[in-house]
Amino acid sequence: MRRLLALAGLLALAGCGDDGSLAGGGADERKPKLVVSAASSLKEALLSCAKEFPDATLRFQFAGSDELAAQIRQGVPIDVLAAANTKLPEALAKEGKLEEPVVFATNQLVLAVPSDGAKVDSLRALERPGVTLVVGAEGVPVGDYTRAVLERLGSARSKAVLANVRSNEPDVKGIVGKLAQGAADAGFVYASDVKAASGRLRAIELPAELEPTATYGAGVVAAAKRPDAAEAFVDDLLAGGCHEALLAAGFGEP
Amino acid sequence: MSTAAGGWFAVVLAVALAAALTFLTLPIVAIFAQQPPGDLIAALGEEGALDALWLSLRATSAALALILLVGTPAAYALATRRFRGRALLITLIELPLVLPPAVAGIALLAAVGPSTLLGRAAQDAGLQLSLAMAGVVVALTFVAAPFYLRQAIAAFGAVDPTLLDASRTLGAAPARTFWRVAVPTALPGLVAGTALALGRALGEFGATLMFAGSFQGVTQTVPLAIYDRFATDFTAALALSAVLVAVSAAILLAVKLVRGPEVAAR
């Protein structure tokens, strides 16, 4: 029964989310519509604050930040990009596709394991042969953070861990899904994802010397149709209701 | 058609046809036109791209083998026997045809996922499904089999029953009748069904990603490799897409050749 409920919840989440669903109701016709492309890891936090944003009706698109950046390069009409790193927004800004980006939040990369019957209880245990590990693909922020953290372990340990990778997922939700389904023993995700998984996952914190802090950057797309509202939303991410929602969801101050 | 009233209608038809043609062919042409052909071919030389093509070939072949081996006799049974609930059975078999890929992925996870009884039993028996190539084969088989079954049931159903009766009265065993009379007679339909299943299996994306994951050389089929590259290496994504377009065109052509007269008659 619990699994059924979880499944229903998953379906409901999928239904109300991914491809630019309307969030924030559309009661006020005069409000402009703002298209926000945001990293998958921001989903729960941003959906919870969307209704309170006063300046526009927000339409979200959640995916891996690299996919979202590629869409902006291809000219898909988007107003704001909120990425799970600063590399992608900075690169876009250099190409003239994005206004000067700002850092609006941080997140901790953690090792996530299923809450019940976990085979892995430490970073060390990840090096054992036979452990199945799921990570983000290269180019996806969570995948790049993971590889950077592993590199700081030294090449022998990092190789042993990477040898256990069984899937390179296109976004962080794919990792959470595989873990929640019991398809893998462990995965590298953000602390906020473990919090959002409502008890199904447990986080194992990574030592500070591995620099597991992820920095989130956002900017107004240069071709934004509503630059004013877009600017206001970036400000909201920095200091408004959405910033509060991010903190509540387990994100950190920049 | 020569009247004035007929004249404007002909214009409407021509405009509609031109619009449909442009809309449907432009994206395909663009795959080949965006980059010089040399760049596309060079992008295919990358190790990951070759791994994806090789994996797609192996996984699709395995899925097709399973589909043909089990699907052909199953379709024959459904086409030649009349029993209560037959129509319901056929509808059930056809259901995955119209199922969205994401639903197929969730359904497979719920039925044979790693946390289910069946999934655990398979694992204990040494058959690793999730995050393994066997999982890709299961996903491809699940989504592609109905395409073959549907065609095969129709093809066996169209075999003249008197042929089968004649074979039996002449003393051929039912198995021999199936193999020597029914299969050869239904062959064009079976080939067409195989091609359609092949096309669907090659293009499978969502169920594979959800059920089997994405790992180079193990579970990352061509569609997953295209998605993986879309953000980081658009040229490589175009190159792999071009291969799939070429293969799909070849499949379609094969179907048209095999069923030529039938299609033309419609």
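Residues numbered from 1 in each chain as written. Chains lettered and ligands numbered in written order. Predicted model: local features only at pLDDT ≥ 70, side-chain atom pairs only at ≥ 80, totals over all residues.

**A look at the overall build of chain B**
For step 1, the next point in the chain: Looking only at helices and strands, one finds 13 helices and zero strands in chain B.
For step 2, the next point in the chain: Moving toward the C terminus, one meets the helices and strands of chain B in the order α-α-α-α-α-α-α-α-α-α-α-α-α.
For step 3, the next point in the chain: Burial statistics for chain B: of 266 residues in total, 36% are counted as buried. (Helix = DSSP H or I, 4+ residues; strand = E, 2+ residues; numbered from the N terminus. Buried ≥ 20, exposed ≤ 12 C-beta atoms within 10 Å, placed from the backbone.)

**Things to note about the overall build of chain A**
For step 1, the next point in the chain: When helices and strands are tallied, chain A shows ten helices and ten strands.
For step 2, the next point in the chain: For chain A, the proportion of its 254 residues judged to be buried stands at 54%.
For step 3, the next point in the chain: Summarising the internal contacts of chain A: among those between residues at least 6 apart in sequence, 76% fall at separations of at least 24. (Contact = placed C-beta atoms within 7 Å.)

**Re the pairing of strand β4 (residues 80-83) of chain A**
All names here are of chain A.
For step 1, the next point in the chain: Going residue by residue along β4, you find V80 and A82 tucked away on one face and L81 and A83 tucked away on the opposite face as well.
For step 2, the next point in the chain: As judged from the four bridges shared by β4 and strand β10 (residues 213-220), these two strands associate in the antiparallel manner. Note on β10: the bridge partner recorded for A82 is A218. (Pairing = 2+ DSSP bridges.)

**Here's the deal with the interface of chain B and chain A**
For step 1, the next point in the chain: Between chain B and chain A, the residue contacts involve 16 residues of the former and 20 residues of the latter.
For step 2, the next point in the chain: Those elements giving two or more residues to the side of chain B that touches chain A turn out to be α5 (101-112) and α11 (222-230) of chain B.
For step 3, the next point in the chain: Ranked by residue count, the leading element in the side of chain B that touches chain A is α11(B), at three residues.
For step 4, the next point in the chain: Looking at the side of chain B that touches chain A residue by residue, the classes come out as eight nonpolar, seven polar and one charged. (Nonpolar A, V, L, I, M, F, W, Y, C, P; charged D, E, K, R; others polar.)

**Structural notes on the confidence of the model for chain A**
For step 1, the next point in the chain: For chain A, the mean per-residue pLDDT works out to 87, and 89% of the residues sit at or above 70.
For step 2, the next point in the chain: Low pLDDT, under 50, characterises residues 9-27 of chain A; the predicted model gives this stretch 22 contacts beyond four residues in sequence or across chains. (pLDDT = per-residue confidence, 0-100.)

**Concerning the nonpolar core**
For step 1, the next point in the chain: Grouped together as the largest cluster of nonpolar side chains are 150 residues, with contacts concentrated most on V80(A), L81(A) and A82(A).
For step 2, the next point in the chain: Setting aside anything within four residues of it in sequence, one finds V80(A) in contact with L34(A), V36(A), A218(A), V220(A), V221(A), A230(A), F233(A) and V234(A). (Core = buried A, V, L, I, M, F, W, Y, C linked by C-beta atoms within 7 Å.)

**Quick word on the confidence of the model for chain B**
Residues and elements named next belong to chain B.
For step 1, the next point in the chain: Across chain B, pLDDT averages 90, with 95% of residues at or above 70.
For step 2, the next point in the chain: Averaged over each element, pLDDT in chain B is lowest for helix α13 (residues 260-265) (49) and highest for helix α7 (residues 133-157) (96).
For step 3, the next point in the chain: Scored by ipTM, the complex comes to 0.77, with pTM at 0.80.

**So, the pairing of strand β7 (residues 165-169) of chain A**
All names here are of chain A.
For step 1, the next point in the chain: Here β7 lies mainly inside the structure; five of its five residues are buried.
For step 2, the next point in the chain: Here strand β6 (residues 133-136) pairs with β7 via four bridges, running parallel. Bridging from a neighbouring strand, V134 pairs with S167 of β7.

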